Amino acid sequence: FKEKTGQNLSDYITYLRVEKAKLLLTQTNYSVNEIALKSGYIYPNSFINAFKKKVGISPTKYRTLYQSCN
C-alpha cells in the first residue's frame, strides 16, 4: 500500500475518517459524539485526538470557525 500511495494504511484511513468528519461538522448538526461514530471511531476521545492531530484544532472549534465564515 505504501509503495503505491506514499502513506501507510492506518494514516490513509485516518485521513479518510477526518475528511468525512469535516464534511459532517460543516454540513450537519450532529453532535461530535455522533460524528465520531459516523466517522468510524468507537470512542469520541480517540476521534477528537485524531482530528486535532490532523487538523490542528478540535472538531468543535473547526465547526465554529466554519460557521463564522458563512
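This text gives an overview of the structure that appears in the document. Keep in mind it's a predicted model, so treat the numbers as computed, not measured. (Residues numbered from 1 in each chain as written. Predicted model: local features only at pLDDT ≥ 70, side-chain atom pairs only at ≥ 80, totals over all residues. Heavy atoms only, no water.)

### A closer look at the overall build of the protein chain
When you go through the protein chain residue by residue, the secondary structure sums to five helices and zero strands. Counting from the amino terminus, helix and strand elements in the protein chain follow one another as α-α-α-α-α. Counting over 70 residues, the protein chain shows a buried share of 24%. Summarising the internal contacts of the protein chain: among those between residues at least 6 apart in sequence, 44% fall at separations of at least 24. Accessible area for the protein chain stands at about 5000 Å²; split by element, carbon and sulfur atoms hold 52% of it. Between the averaged position of the 11 positive side-chain charges in the protein chain and that of its 4 negative side-chain charges there is a distance of 5 Å. (Helix = DSSP H or I, 4+ residues; strand = E, 2+ residues; numbered from the N terminus. Buried < 20%, exposed > 50% of the residue type's maximum accessible area, 1.4 Å probe, protein only. Contact = heavy atoms within 4.5 Å. Areas by Shrake-Rupley, 256 points an atom, 1.4 Å probe, with all protein chains shown as cover. Lys, Arg positive; Asp, Glu negative; His and termini not counted. Charge placed at Lys NZ, Arg CZ, Asp CG, Glu CD.)

### Some remarks on the pattern of salt bridges
When their charged atoms lie close together, side chains carrying opposite charge are able to pair. With the rule as written, the count across this model stands at one salt bridge. Where E19 meets K22, a salt bridge forms, and the shortest distance between an N and an O atom there is 3.3 Å. Taken as a pair, E19 and K22 lie in helix α2 (residues 9-27) at a separation of three residues, close to a single helical turn. E19 sits in the partly exposed class, given a relative accessible area of 30%. (Salt bridge = Lys/Arg side-chain N within 4 Å of Asp/Glu carboxyl O.)

### Some thoughts on the packing of α2 against helix α4 (residues 44-55)
Here α2 crosses α4 at 95 degrees, and the two axes come no closer than 10 Å. What the angle tells us is that α2 and α4 run roughly perpendicular. Along the contact surface, α2 presents D11, T14, V18, A21, K22 and L25, while α4 presents F47, A50, F51, K54 and V55. Partitioning the contact of α2 with α4 into residue classes produces seven nonpolar, one polar and three charged. (Axes fitted to C-alpha atoms, helices over the stretch in contact; angles between N-to-C directions. Parallel < 35°, antiparallel > 145°, perpendicular 65-115°, else oblique. Nonpolar A, V, L, I, M, F, W, Y, C, P; charged D, E, K, R; others polar.)

### Examining the nonpolar core
For soluble globular proteins, nonpolar side chains are generally found buried alongside one another. In this structure, V18, A21, L24, L25, V32, I35, A36, Y41, F47, A50, F51 and Y62 together form the largest nonpolar core, which totals 12 residues. Counting only elements with at least two residues in this core, the list comes to α2, α3 (32-38) and α4. A total of four residues in this core trace back to one element, the largest contributor, which is α2. (Core = buried A, V, L, I, M, F, W, Y, C linked by side-chain atoms within 4.5 Å.)

### Some thoughts on the environment of G40
Topologically, G40 is positioned in the loop between α3 and α4. Look at G40 and you get partly exposed, because its relative accessible area is 38%.

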